[in-house]
Amino acid sequence: SPGHAYGAAAVTSMLKGEDFPMSKRDILQKHGDHKIEWTKGNPVKFRDVLEDLPDETFNSPADLEKALKENM
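Residues numbered from 1 in each chain as written. Predicted model: local features only at pLDDT ≥ 70, side-chain atom pairs only at ≥ 80, totals over all residues. Heavy atoms only, no water.

## Quick look at helix 1 (residues 8-15)
Looking at helix 1, one finds that the buried residues are Ala-8, Ala-10, Val-11, Met-14 and Leu-15. Angularly, the buried residues of helix 1 cover 160° about the axis, an arc narrow enough to put them on a single face. Phi for Gly-17, located one or two positions after helix 1, is positive at around 85°. (Buried < 20%, exposed > 50% of the residue type's maximum accessible area, 1.4 Å probe, protein only. Helix = DSSP H or I, 4+ residues; strand = E, 2+ residues; numbered from the N terminus. Arc of directions from axis to C-beta.)

Dropping the structure here:
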């Protein structure tokens, strides 16, 4: 179940079925208050994971995932 995904996998499962490209702002508006386990056993609001990213447009969940990993 999605509750067991964490880190990048949690991001990807949350954004499944979204129409990309999406801007950081789009993602925050739709998903900012959703909680994900960014690290195992540590649920955080998605907006807190995204806040340090540059305000750019992402072409796919994988693209967003890559930006998050580079930014950690």
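Next, the rest of the story.
## Overview of the environment of Lys-24
Looking at the element boundaries, Lys-24 is found in helix 2 (residues 24-31). Lys-24 has contacts with Leu-50, Glu-51, Leu-53, Pro-54, Asp-55, Glu-56 and Phe-58, leaving out every residue within four places of it along the chain. Here Leu-53 takes part through its backbone oxygen, which lies 2.6 Å from a polar atom of the side chain of Lys-24. (Contact = heavy atoms within 4.5 Å. Polar contact = N/O pair within 3.5 Å; in protein donor to acceptor, adjacent residues only side chain to side chain.)

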